[in-house]
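# Structure at a glance
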Amino acid sequence: MSTTITTSSEANGNVSAATARAAASAAATAEATGPQPVTMAKALNTALADAMSADSSVLVFGEDVGLLGGVFRITDGLTATFGEQRCFDTPLAESGIVGMAVGMAINGMRPVIEMQFDAFAYPAFEQIVSHVAKMHNRTKGMVKLPMVIRIPYGGGIGGVEHHCDSSESYYAHTAGLKVYTPATVADGYRMLREAIDSDDPVVFMEPKKMYWTKDSVDLVELRSSHEERTTAGRGSEGRAAVARPGTDATLIAYGPSVPTALAAAEAAALEGRSLEVIDVRTIVPFDDDTVCESVRRTGRAVVIAEAHGFASLSSEIVARVQERCFHHLAAPIRRVTGFDVPYPAPKLEKYYLPGVDRILDAVDDLQWED
């Protein structure tokens with residue numbers, strides 16, 4: 001990533017432009033009533049702005065999150081609205097970013113940091129595993145780390161290695177971390193607000209290929225619902241969702257694999273087969289009840305994930321379901337995952353990523369009776 005030298009006059013111009021965009025966006029949001037077409041990027045941006053407005057201890061920092069608004073524009077307008085002390089750029093030093101966030105969280109702040117791309121977080125992995133995940137336990141509960149590590153992850157954008165990794169298994173394996181991954185626009189807002197409110201550290205995995213997908217949602221209602229759920233002590237954490245009901249088999253997916261699973265279920269319906277789709281939502285904590293209730297009803301399951309299959313989160317899901325649903329299974333659980341090779345060149349990613357055809361092939365292999 002190149003460094004650009006900006007003069008003070010140019011910077012002031014950029015700030016003014018950003019301020020105008022933020023004001024226009026805020027006005028549009030305020031005027032909009034009822035469900036509107038909203039991208040996941042907009043939902044995440046709104047969640048950050050609402051959290052910063054609600055709590056002055058929430059601050060955002062990372063590489064290019066300030067004037068630029070982030071590589072994917074998730075932090076667009078936050079510096080203009082809240083100032084450079086609340087949303088600011090950092091040097092290209094991921095370990096330093098996480099280390100600074102740890103110190104801030106220990107001292108009563110709620111930092112939300114961005115790793116920019118999935119594999120860019122690897123230099124900070126030692127900080128995350130040795131300190132972020134262990135501080136609460138190390139201090140016998142005396143020290144909390146209310147911090148969120150935002151990681152855009154997954155493929156489907158025509159990127160290269162270090163830009164399309166699915167690294168969720170590393171974090172899910174690390175005791176002491178919560179791991180969230182939204183698959184809908186509404187969940188993008190809801191789950192990021194809940195992650196920021198959490199007193200435990202959350203690794204928030206954002207499916208980058210879904211940033212510009214649109215759903216019809218009411219951001220005003222989402223904001224109001226979050227306040228009500230917070231007051232009532234209810235939330236999305238540890239609760240999977242039935243994204244599509246079905247009776248013949250269960251497709252278990254999370255994050256960027258959920259739309260693929262839904263597309264496969266739609267295609268299967270044309271062939272007369274009813275597939276239920278479960279959106280895991282929070283990887284840690286994991287909702288065994290919802291997942292297993294579905295598998296016990298259908299008797300068959302396929303786990304879908306973009307990440308490598310070997311020693312992965314998909315392996316863990318298979319193990320958990322098999323242990324709890326063994327006597328209800330009509331066939332061994334199948335997996336459709338990324339292949340066990342480094343992420344391929346852009347022209348080859350369509351062969352690497354799970355697709356509808358691979359999912360339907362796995363479903364056909366679930367020992368159906370003729």
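Rules of the game
Residues numbered from 1 in each chain as written. Predicted model: local features only at pLDDT ≥ 70, side-chain atom pairs only at ≥ 80, totals over all residues. Heavy atoms only, no water. Domains from an automatic or database assignment. Contact = heavy atoms within 4.5 Å. Buried area = accessible area lost by both parts, 1.4 Å probe. Salt bridge = Lys/Arg side-chain N within 4 Å of Asp/Glu carboxyl O. Helix = DSSP H or I, 4+ residues; strand = E, 2+ residues; numbered from the N terminus. Pairing = 2+ DSSP bridges. Axes fitted to C-alpha atoms, helices over the stretch in contact; angles between N-to-C directions. Buried < 20%, exposed > 50% of the residue type's maximum accessible area, 1.4 Å probe, protein only.

What the domain assignment lists for the protein chain is domain 1 (33–232) and domain 2 (241–365). Averaged C-alpha coordinates put domain 1 and domain 2 at centres separated by 26 Å. Contact with domain 1, which involves 28 residues of that partner, is made by 20 residues of domain 2. Regarding the contact of domain 1 and domain 2, the summed buried area is about 1,900 Å², with carbon and sulfur atoms giving 59% of it. Together, Glu168, Thr181 and Lys209 form the three largest contributors to the area buried by domain 1 at its contact with domain 2, with a combined 21%. Connecting domain 1 to domain 2 are two salt bridges. For Arg281, the salt bridge goes to Asp187, with nearest N and O atoms at 2.8 Å.

For Met100, the location among the structural elements is in helix α4 (residues 94–106). With 13 residues separating them along the chain, Met100 and Ile113 place their C-alpha atoms 9.9 Å apart. Beyond its immediate stretch of four places on either side in the chain, Met100 contacts Phe61, Phe88 and Thr90.

Moving on to the sheet that holds strand β12 (residues 282–284). Spatial strand order, β3-β2-β4-β5-β7-β6-β12: seven strands in an open sheet with mixed pairing. The sheet is open, and its two borders are formed by β3 (87–89) and β12, each paired with just one other strand. Adjacent strand axes in the sheet meet at a mean angle of 20° when their direction is disregarded. As paired elements, strand β6 (residues 178–180) and β12 share two bridges and run antiparallel to each other. Each bridged residue has a counterpart across the sheet, and for Val179 the counterpart in β12 is Val284. Of the strands in this sheet, β2 (58–62), β4 (110–114), β5 (148–153), β6, β7 (202–207) and β12 touch helix α8 (residues 185–197), which is tilted by about 160° from β7.

The subject of this paragraph is the pairing of β5. When you tally the buried positions in β5, you get six out of six residues, the bulk of the element. Side-chain alternation along β5 places Val148, Arg150 and Pro152 on one buried face and Ile149, Ile151 and Tyr153 on a second face that is also buried. Relative to β5, β4 is paired through three bridges, and the arrangement is parallel. Along β5, the bridge assignment pairs Ile113 with Ile149. As judged from the six bridges shared by β5 and β7, these two strands associate in the parallel manner. Across the sheet, the residue bridging to Ile149 is Val203, located in β7.

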